[in-house]
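Topology and contacts: notes
So you can see what is in the structure, the chains are spelled out below.
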Amino acid sequence: MSSADLKQVSFPPDVLARIAPDVSLERHLSLGIRPNLRNFTEFNSIDIKSNNQQLQENYNNIFASSIVKSGPTTIINTLTLGVVENYGQDKDKYGTVYPVVEILRGRMGGAPTDEEMILGQDLYETIYHSKLIPNESLQVKPIGLGIKEEDGETIYYPDLQEADYIPQSEHEKSYSFVILSSIKVYSKHTSTNSLFDLCYLSCVDALQKLKLPRLYIMDSIQTKVSVKSKKSTTRGLISTNKAELNIDTANKQHYYSIELNIKEGSISSNYGIVKSPDNNDESILLTDLQGQEEESAILSRMSIITNKTGSINRISLINGGDGDISLELLRDAIEISKRRSKEGVM
Amino acid sequence: MAFQVQMSVLDNSDGSAELIIGNTKVIASVSGPIEPKQRQELPNQASLEIIIRPAKGLSTTREKLLEDKLRALLQSIIIRYKYPRQLISIVVQFLVTDEDPKFTANELNAAINCCYFALIDADIALYSSFASVVSCITENKLIQNPTGKELSQSDSHHVVCFNIQEGKADKILLLESQGEFVQEELFNLLSESVSNAEELHTLQRKYLKEKIDQDYIWK
C-alpha cells in the first residue's frame, strides 16, 4: 500500500511575514504580542536631534534642521527658504511649508513614487489647515542696503541703523518668505502612517528652531547678465539695473526666530485596528504600525494629531479591513493621543 | 442635501455618472472588470486603478492624495474577491469645483458620492451602499454642506462617509478632519451627520429606482 506522503510545509517567520502577512499577524496576536515585539498600545521610542550645527555651518542655505530616529528609520529634515513678491492683497491668513519627501531605498534617482507624493502633499495640507504658520511671520522685514566701502561691504538696515540709513531708492515692493522642507528618509521600516507621524514631528521641530535672515540689495546695482545675440551665436555680457535680493548670511546676529502658532505637544499618532484572533466580535487597537505584516495586513487605520491643550488638529480614519472602528475605539485612540501629547514622544 | 445625478452618460465605459452636489460638478467612469497590466494583477482579488483629474490644469500631488483616500475607501466597499486577476479602473473628472485649491473636502465628498452611482451603473458588486457628507465648524457653529467660501473661513472641516445598511447609517467608513476642534464637537458632528447621510441615501435610492425603471423598457 502506498500513500502520497504529504509533508507539512513550514516557513521561517520572516518568510511567512512576506507571503502570508495576515496569517503571521494573527499568530503573533494570539500569543499576545505584535510581530515587531511591541505591546499592543506601545509606541516606538523616538529620538530627536534638532539644529545640527554641522549641517547649518556647512550649508548656509539651511536655516533649520531636524533629525528624527525611530528604530532603524532615520529622517533628516532640512529647511531652506525662498522669497516671493507679494502681489496684491493676500487673503490667506496662514502659510505652510512646501515639503519634498524622498524615501531612499538604495536605488538611483527616478521620479517620485506615489508614497512620496502623498506624504508630501499630506504634510503640506495638514500644516496649512492646522494654522501653524501665520502669514505675518513670513513677511520679510525692511530690506537693507549694501554699500561697498573701502574695508569691504556694509549693510545698513532702516530699522537697525536708523541714523546711518539714507534711503537712496525707495524699495516699495514687499516680499514674503517661503519655507521649503527637504525630507530624506533612510532605512524605512515603519508603515506609511508612522512615517507621516515622524515627518510631521520633524517639520514641527525644525519650524520651532527656524531663524529667519534679513535681506538686502546692493547699492550699486550693476549686475551682468548673459544674453544671446541674434546676430552671433556667442553669448555676451551686458549690464542691467535689475536689483538682486540677497540673503544676509554674513551677519548671523541679525537672524530672528519666526513667530509660530504651534501649540505645545503637537504630536501625530497612528493606529491600526484588527479583529481579535480569539474573539471575532472584538477588535484590537494597535499603535504606531511598523513592519511588513502590519503594513499589508491592517487596512483599518487612524491617524490623529492632538496637542497639549486637548484640541485635535487632524483625524484621518479609514475603516477598511475586517477590524471595525467603533466610536469607542475612536474615543480610546483620541485619549491615547492626548496622553501622548501631554507626556511627549521621547 | 439636494443633488442631481445622471447615470450612463458615457457610451464607452461600463458605468458612469455625472453628479452635481453643492457647487461641485463631477463625472466618474468605471471600466471593469477588465484585463489588468501584468504588474497590476493580483492573484486572488481585483486590483483598483483610480485616476482623478482636476477641473483646471493637469493633475498634481493634490490629486494623488485624493486618489489615495478614494482608493482606501473603495477597496473596502467593492467585493474584490469576486473579480480575481481583474482590474477595475475608475476615472473621476471634476468639471466645476467650489473651493480653494488648498482644500479638498468638497471634491472628495463629490467624488465619493459620484463613484457610488458609477459603480452601481457598472454592476460592480458592493458590500453595502455608502453616502458621504461634508461639514465645517465656524465659531462653534456647525455648517452642513459648506460652500468654498465657508470652508476657507472655517475653524475645522470634516468629510464623513458612512456605509448604509437597510436604510440606516451603520458605521463610519472614512473620516477626514482638518483644522482645530475638540472631541465633543467631533462626536456631535458625527451624530448630526448620521441623519444627513441617511437623508442623502433616500435620495440616492430615488435616483436608482428611476434609473432601473428606465433601464427595463418592458415595465
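Basis of the calculations
Residues numbered from 1 in each chain as written. Chains lettered and ligands numbered in written order. Predicted model: local features only at pLDDT ≥ 70, side-chain atom pairs only at ≥ 80, totals over all residues. Heavy atoms only, no water. UniProt positions renumbered as here; feature names shortened; annotations may be inferred. Helix = DSSP H or I, 4+ residues; strand = E, 2+ residues; numbered from the N terminus. Rg over C-alpha atoms; globule rule 2.2 N^0.38 Å. Contact = heavy atoms within 4.5 Å. Areas by Shrake-Rupley, 256 points an atom, 1.4 Å probe, with all protein chains shown as cover. Lys, Arg positive; Asp, Glu negative; His and termini not counted. Charge placed at Lys NZ, Arg CZ, Asp CG, Glu CD. Pairing = 2+ DSSP bridges. Axes fitted to C-alpha atoms, helices over the stretch in contact; angles between N-to-C directions. Domains from an automatic or database assignment. Buried area = accessible area lost by both parts, 1.4 Å probe. Salt bridge = Lys/Arg side-chain N within 4 Å of Asp/Glu carboxyl O. Polar contact = N/O pair within 3.5 Å; in protein donor to acceptor, adjacent residues only side chain to side chain. Nonpolar A, V, L, I, M, F, W, Y, C, P; charged D, E, K, R; others polar. Core = buried A, V, L, I, M, F, W, Y, C linked by side-chain atoms within 4.5 Å. Buried < 20%, exposed > 50% of the residue type's maximum accessible area, 1.4 Å probe, protein only. Expected span 1.5 Å × (residues − 1).

For chain B, the name recorded in an unreviewed UniProt entry is Exoribonuclease phosphorolytic domain-containing protein, with Spathaspora passalidarum as its organism. Its UniProt record gives chain B the following Subcellular location (unreviewed entry) comment, quoted word for word: "Nucleus". As recorded by UniProt, the Sequence similarities (unreviewed entry) comment attached to chain B reads in full: "Belongs to the RNase PH family."

Comment text from UniProt for chain A, heading Sequence similarities (unreviewed entry), reads "Belongs to the RNase PH family."

The helix and strand tally for chain B stands at 4 helices and 9 strands. By the compact-globule yardstick of 17 Å for 219 residues, chain B fits well, its C-alpha radius of gyration being 17 Å. Dimensions of chain B along its principal axes, counting C-alpha atoms only, are 50 × 45 × 30 Å. By sequence separation, contacts in chain B at least 24 residues apart represent 67% of the contacts at least 6 residues apart. For chain B, the computed accessible surface area is about 10,100 Å², with 46% contributed by carbon and sulfur atoms. The distance from the centre of the 22 positive side-chain charges to the centre of the 30 negative ones in chain B is 5 Å.

A few words on the sheet that holds strand E5 (residues 87–96) of chain B. Whether parallel or antiparallel, the strands of a sheet pair through hydrogen bonds between backbone atoms. Residues and elements named next belong to chain B. The 5 strands lie next to each other as E1-E2-E3-E5-E4, forming an open sheet whose pairing is mixed. Pairing within the sheet leaves two strands with one partner each, and these edge strands are strand E1 (3–7) and strand E4 (47–53). If you compare each strand with its neighbour and ignore which way they point, the axes differ by 15 degrees on average. Note that strand E3 (residues 24–34) and E5 share 8 bridges and pair antiparallel. Directly across from Ser31, in E5, lies its bridge partner Ser89. Sheet contacts for helix H2 (residues 105–121): E1, strand E2 (15–21), E3 and E5; angle to E2, the most-contacted strand, approximately 145 degrees.

A separate point is the domain arrangement of chain A. Residues and elements named next belong to chain A. Along its sequence, chain A is carved into domain 1 (19–139 + 174–215 + 251–343) and domain 2 (144–171 + 216–248). Between domain 1 and domain 2 lies a buried interface of about 940 Å² when both sides are counted; carbon and sulfur atoms form 57% of it. Where domain 1 packs against domain 2, one counts 0 salt bridges. The interface formed by domain 1 and domain 2 contains 3 residue pairs in polar contact (both at pLDDT 80 or more). Class assignment for the residues of the side of domain 1 that touches domain 2 results in 6 nonpolar, 2 polar and 1 charged.

Glancing now at the interface of chain B and chain A. Across the contact, 32 residues belong to chain B and 32 residues belong to chain A. In this assembly, chain B packs against chain A so that about 3,000 Å² is buried in total across both faces, 53% of it on carbon and sulfur atoms. Considering only the side of chain B, the residues that lose the most area to chain A are Lys102, Gln178 and Gln183 of chain B, jointly responsible for 22% of the buried surface there. Taken together, the connections running from chain B to chain A amount to 3 salt bridges. The partner of Lys171 of chain B in a salt bridge is Asp324 of chain A, and the shortest N-O contact between them spans 2.7 Å. Those elements giving two or more residues to the side of chain B that touches chain A turn out to be helix H1 (61–77), strand E9 (168–181) and helix H4 (183–215) of chain B.

The sites that carry the UniProt feature "domain: Exoribonuclease phosphorolytic" (unreviewed entry) are, in the present numbering, residues 4–124 of chain B. As annotated, residues 4–124 of chain B comprises 28% helix and 32% strand, and the C-alpha atoms at either end are separated by 22 Å.

Ranked by internal contacts, the top residues of the largest apolar core, which has 86 residues, are Met302 of chain A together with Leu74, Val92, Phe117 and Phe130 of chain B. Broken down by element, this core gets its largest block of residues, 11 residues, from H2 of chain B. For Phe117 of chain B, the residues in contact, after removing those within four places along its chain, are Phe3, Val5, Met7, Ala17, Leu19, Gln204, Tyr207 and Leu208 of chain B. Of all hydrophobic cores here, the second largest spans 45 residues; its members include Ile143, Cys199, Ile217 and Tyr256 of chain A.

Our focus in this paragraph is the sheet that holds strand E7 (residues 144–149) of chain A. All names here are of chain A. Taken in spatial order, the 4 strands of this open sheet run E8-E7-E11-E14, and their pairing is mixed. The outermost strands of the open sheet, each flanked by one partner alone, are strand E8 (152–156) and strand E14 (246–247). Of the pairings in the sheet, the one linking E7 to E8 comprises 5 bridges and is antiparallel in character. Among the inter-strand pairings, Leu145 is bridged to a residue of E8, identified as Tyr156.

Counted at 1.5 Å a residue, the expected span for H2 of chain B with its 17 residues is 24 Å, and the 25 Å between its end C-alpha atoms agrees. One or two steps after H2 of chain B, the chain reaches Asp123 of chain B, where phi turns positive at roughly 60 degrees.

Now for the environment of Tyr94 of chain A. Residue and element names in this part refer to chain A. Mapped onto the elements, Tyr94 comes out in strand E4 (residues 94–95). Classification of Tyr94 as partly exposed rests on a relative accessible area of 23%. As for Tyr94 and Pro134, which are separated by 40 residues in sequence, their C-alpha atoms are 4.4 Å apart. The residues touching Tyr94, leaving out its near neighbours within four places in the chain, are Tyr128, Lys131, Ile133, Pro134, Asn135 and Asn261.

This paragraph deals with the environment of Glu26 of chain A. Take Glu26 of chain A: it is sitting in helix H2 (residues 21–30). Separated by 271 residues in sequence, Glu26 of chain A and Ala297 of chain A have C-alpha atoms that sit 9.4 Å apart.

What follows covers the pattern of salt bridges. All names here are of chain A. What the rule picks out here adds up to 20 salt bridges over all chains. Glu294 is paired through a salt bridge with Arg34; the nearest N and O atoms lie 2.9 Å apart. You can see Glu294 sitting in helix H6 (residues 292–297) and its partner Arg34 sitting in the loop between H2 and strand E1 (46–50), a full 260 residues away along the chain. Across the pair, Arg34 and Glu294 agree in class, each one buried.

A few words on the pairing of strand E11 (residues 215–218) of chain A. Residues and elements named next belong to chain A. Here E11 shows two buried faces, one formed by Leu215 and Ile217 and the other by Tyr216 and Met218. Note: E7 against E11, 3 bridges, orientation parallel. The partner of Leu145 across the bridge, within E11, is Ile217. When E11 meets E14, the two strands line up antiparallel, connected through 2 bridges. Looking at E14, one finds that Leu215 is bridged to Ile247.

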